[in-house]
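Listed here are the chains, written in short residue letters.
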Amino acid sequence: MIVDRIDRAILAILQDDASIPVADIAESVGLSATPCWRRIQRLEADGYIVKRVALLSADKLNVGVTVFVSMKTSQHNREWFERFKAVVLNIPEVVEFYRLSGQTDYLLRVVVSDIAGYDAVYQELIRNTQLFDVSSSFAMETIKLTTALPLGHIAE
């Protein structure tokens, strides 16, 4: 699929606010509603739009403490990884989970209400998996937080 400047404009609008009516998006990009809706459907079908969600307030929901957890393991086999992955995926406070190259094997972003909440997550991790080293860093201030992806790299 070729993504043109209109598709990029549509994507930019939707990732800023997915609740904007199609008619308003269409007007912004210079289309009528039906062709704009077809483009949105095509962008979804082709996997450019993965999901539409509501972003919630961590503070209002009392999960305003962000903890970055770096982990190292001496286990590098599929069986261990599948067990570890199942444990991590089952912890709702873990909102991001990455396998990394370099000194750290895995990185988690955890959101909790307080240190005791993080300790419960930590206890769950060490109770159910074998880890070599766990290092936790508490975010003191959020300077930039966005879900918007850069769109300038899409080739036409």
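Structure: above.
All values derive from a computational prediction rather than experimental measurement.

Draft legend 1. Representation of the overall build of the protein chain within the structure. When you go through the protein chain residue by residue, the secondary structure sums to five helices and four strands. In the protein chain, the succession of helices and strands from N to C terminus is α-α-α-β-α-β-β-α-β. Relative to the compact-globule value of 15 Å for 156 residues, the protein chain shows a C-alpha radius of gyration of 20 Å, a clear excess of over 25%. Taken along the three principal axes of its C-alpha coordinates, the protein chain extends 55 × 35 × 25 Å. Looking at the protein chain as a whole, 25% of its 156 residues qualify as buried. Sequence-distant contacts in the protein chain: of pairs separated by 6 or more residues, those separated by 24 or more amount to 64%.

Draft legend 2. Structural detail: the pattern of salt bridges. Enumeration according to the criterion identifies eight salt bridges in this entry. Close ionic contact of R39 with D7 constitutes a salt bridge, the shortest N to O distance being 2.9 Å. With R39 in helix α3 (residues 33–45) and D7 in helix α1 (residues 5–16), this pair connects stretches of sequence that are 32 residues apart. There is no split in this pair, since R39 and D7 are both buried.

Draft legend 3. Quick look at the side chain of R39. For R39, a relative accessible area of 17% corresponds to the buried category. Engagement of the side chain of R39 in a polar contact is seen with the side chain of D7, the distance being 2.9 Å. For R39, the residues in contact, after removing those within four places along its chain, are D4, I6, D7, I10 and L31.

Draft legend 4. Structural view of helix α2 (residues 22–29). For α2, the complete set of buried residues consists of I25, A26 and V29. Looking straight down α2, one finds its buried side chains confined to an arc of 100°; they lie on one side. Exposed residues lying more than 90 degrees from the buried face of α2 are E27 and S28. Buried positions along α2 lie against α1 and α3.

Draft legend 5. Structural context of the nonpolar core. Formed by 17 residues in total, the largest nonpolar core has its most connected members in L108, V110 and L125. Breaking this core down by element, the ones donating at least two residues are β1 (65–72), α4 (78–89), β3 (106–112) and α5 (115–128). Among the elements that make up this core, the one with the highest residue count is α4 (five residues). L11, C36, I40 and L151 belong to the second largest nonpolar core, which has 13 residues in total.

Draft legend 6. Just the packing of aromatic side chains, in detail. For the structure shown, the criterion picks out eight aromatic pairs. Plain terms: the ring middles of W80 and Y106 are 6.0 Å apart, the flat faces sit at 40° to each other, and that makes the pair tilted. Separated by 26 residues along the polypeptide, W80 in helix α4 and Y106 in strand β3 bring together distant segments of the chain. When its relative accessible area of 9% is taken as the criterion, W80 is described as buried.

Each value, and the rule that gives it
Residues numbered from 1 in each chain as written. Predicted model: local features only at pLDDT ≥ 70, side-chain atom pairs only at ≥ 80, totals over all residues. Heavy atoms only, no water. Helix = DSSP H or I, 4+ residues; strand = E, 2+ residues; numbered from the N terminus. Rg over C-alpha atoms; globule rule 2.2 N^0.38 Å. Buried < 20%, exposed > 50% of the residue type's maximum accessible area, 1.4 Å probe, protein only. Contact = heavy atoms within 4.5 Å. Salt bridge = Lys/Arg side-chain N within 4 Å of Asp/Glu carboxyl O. Polar contact = N/O pair within 3.5 Å; in protein donor to acceptor, adjacent residues only side chain to side chain. Arc of directions from axis to C-beta. Core = buried A, V, L, I, M, F, W, Y, C linked by side-chain atoms within 4.5 Å. Phe/Tyr/Trp six-rings, centres within 6.5 Å; stacked < 30°, edge-to-face > 60°.

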